[in-house]
2 protein chains.
Amino acid sequence: MEASRPDTATRILDVSERLFVEHGFEATSLRMITQQAEVNLAAVNYHFGSKDALFESVFMRRLAPLIASCLAELDELETREEKLSVEGLVTTFIRPCLALSKDPARGGALFVRLLSRTLVENHRLLRETISQQYSVFVQRYSRAFHLALPELGVEELAWRMHFAFSVMFNAFAGNDVLKIFTRSQIVSARDPDMIVKYLVPFVVAGLVSPVQR
Amino acid sequence: MEASRPDTATRILDVSERLFVEHGFEATSLRMITQQAEVNLAAVNYHFGSKDALFESVFMRRLAPLIASCLAELDELETREEKLSVEGLVTTFIRPCLALSKDPARGGALFVRLLSRTLVENHRLLRETISQQYSVFVQRYSRAFHLALPELGVEELAWRMHFAFSVMFNAFAGNDVLKIFTRSQIVSARDPDMIVKYLVPFVVAGLVSPVQR
DNA sequence: ATCAAATTAAAACGTAAGTTTGAAACGCTT
DNA sequence: AAGCGTTTCAAACTTACGTTTTAATTTGAT
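Quick summary incoming for the structure in this document. From a predicted model like this one, the values you see are computed outputs, not experimental measurements.

Overview of the overall build of chain A
Here is step 1: Along its length, chain A carries 12 helices and 0 strands.
Here is step 2: When its helices and strands are written in sequence order, chain A yields α-α-α-α-α-α-α-α-α-α-α-α.
Here is step 3: The buried share among the 213 residues of chain A stands at 56%.
Here is step 4: Partitioning the contacts of chain A with sequence separation of at least 6, the portion at a separation of at least 24 is 74%.

Okay, structure coming up:
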């Protein structure tokens, strides 16, 4: 009847994921984590070694599969479309994010928010460990977008990718970031499918807009 | 010859602004601040009352003038253009940000980064104090965009504004957020004018794209 | 059932945080 | 020069942090 209680390490990961999103890395103490996870304080250092290492574990548990999903979608698209479409490309990124957002078992929308948050916080862990490891991801998308938008120079393409990914991350992050600006409850009622309905056209329009002289 | 040393409170504000951007609010200690500002540790609490209050001071020193500039540009645009153009509207926001970014005397690009960072960190101070205070800003832009894009429903308009502002903030924030994705040194070499050259068309294209059914 | 390894538990450690205190130094008016 | 409010300073206070330690307990293979 009742779901069996996950093991200590998993409980710590789950609670940490939520708290890191809510309060940020620095503002989340191990005591908050272990208390809410109902485990002993020392368990974090026993299972993960340090708070830093815990963060990395929280992060990698979700990021690795997410990136793998994106690359799989990308593979599939490249066999399906002769000439890569921008919308198709955008979708290879958005669909895995959306799937993750809708799957509570994998942290639901939490991790995407954590990812977004971590990106702007410019964490050392993200700069060092992770960014190297996933240069594959970068290269694949850079090449794909170059093929889909051959008329753009490298500089303009880099900017547009920068803009596009920052919109997408923020959209899924669904930080109430811009409720300040848009006030309406509409935006805060974040149905993931709604996001995509409006997000894809917006991003695609920006990406395919005429070349700047 | 040499610039006269600013008073204690100003020195604290200047250093705090930089450190809050670099390391975030929680990870910046008063001891780091007072050391770099070459003032006594107690000076922060004497002049500002608390670390929280210091943050609010740092924030409001720049935000109030920035918002005032945007609204002034908006006023000017409304007298100049019969039918508001989307590009004009976007520019009323971007131009003050750009001006701020290029003015070291007003914190240069630092504050815009702090603003962006604070938005995704979802600070209590931003949620409480500031968001109420600047509902004027929200309402003005909401109304203006509604006039410029009358064919959009309130829901779709809210989303597009959400997307648009999140791109713009991230662009100026110039966190190396997406260097991870775009890798090229181009994006990190952040000439503010370059940002605008590519940013405005991107955002406008997204905003004016065809209505979704 | 036994024993070694893995895990949990309680307590303490050392450090660094934000804040407070009370005296010294300063700036200004008289 | 004296007096007074403002500002600076060194030092201490309290609290909370991440981590370590040591012992108790559980687990799993023999």
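Having seen the structure, we can now continue with the description.
Describing unusual backbone geometry
Residue and element names in this part refer to chain A.
Here is step 1: Here Glu-38, not a glycine, exhibits a phi torsion of approximately 55 degrees, which is positive.
Here is step 2: By the secondary structure assignment, Glu-38 is in the loop between α2 (30–37) and α3 (42–48).
Here is step 3: Taking relative accessible area as the criterion, Glu-38 reaches 56% and is therefore assigned exposed.

Notes on the pattern of salt bridges
Here is step 1: All chains considered together, the criterion is met by 20 salt bridges over all chains.
Here is step 2: A salt bridge links A:Arg18 to A:Glu22; the shortest N-O distance between them is 3.8 Å. You can see A:Arg18 and its partner A:Glu22 sitting in helix α1 (residues 8–23), 4 residues apart, about one turn around the helix.
Here is step 3: For the salt bridge of B:Arg160 with B:Glu156, the shortest nitrogen-to-oxygen distance reads 2.8 Å. Residue B:Arg160 and its partner B:Glu156 are both found in helix α9 (residues 154–173); the two are separated by 4 residues, about one turn of the helix.

About the cut-offs
- Residues numbered from 1 in each chain as written.
- Chains lettered and ligands numbered in written order.
- Predicted model: local features only at pLDDT ≥ 70, side-chain atom pairs only at ≥ 80, totals over all residues.
- Heavy atoms only, no water.
- Helix = DSSP H or I, 4+ residues; strand = E, 2+ residues; numbered from the N terminus.
- Buried < 20%, exposed > 50% of the residue type's maximum accessible area, 1.4 Å probe, protein only.
- Contact = heavy atoms within 4.5 Å.
- Salt bridge = Lys/Arg side-chain N within 4 Å of Asp/Glu carboxyl O.

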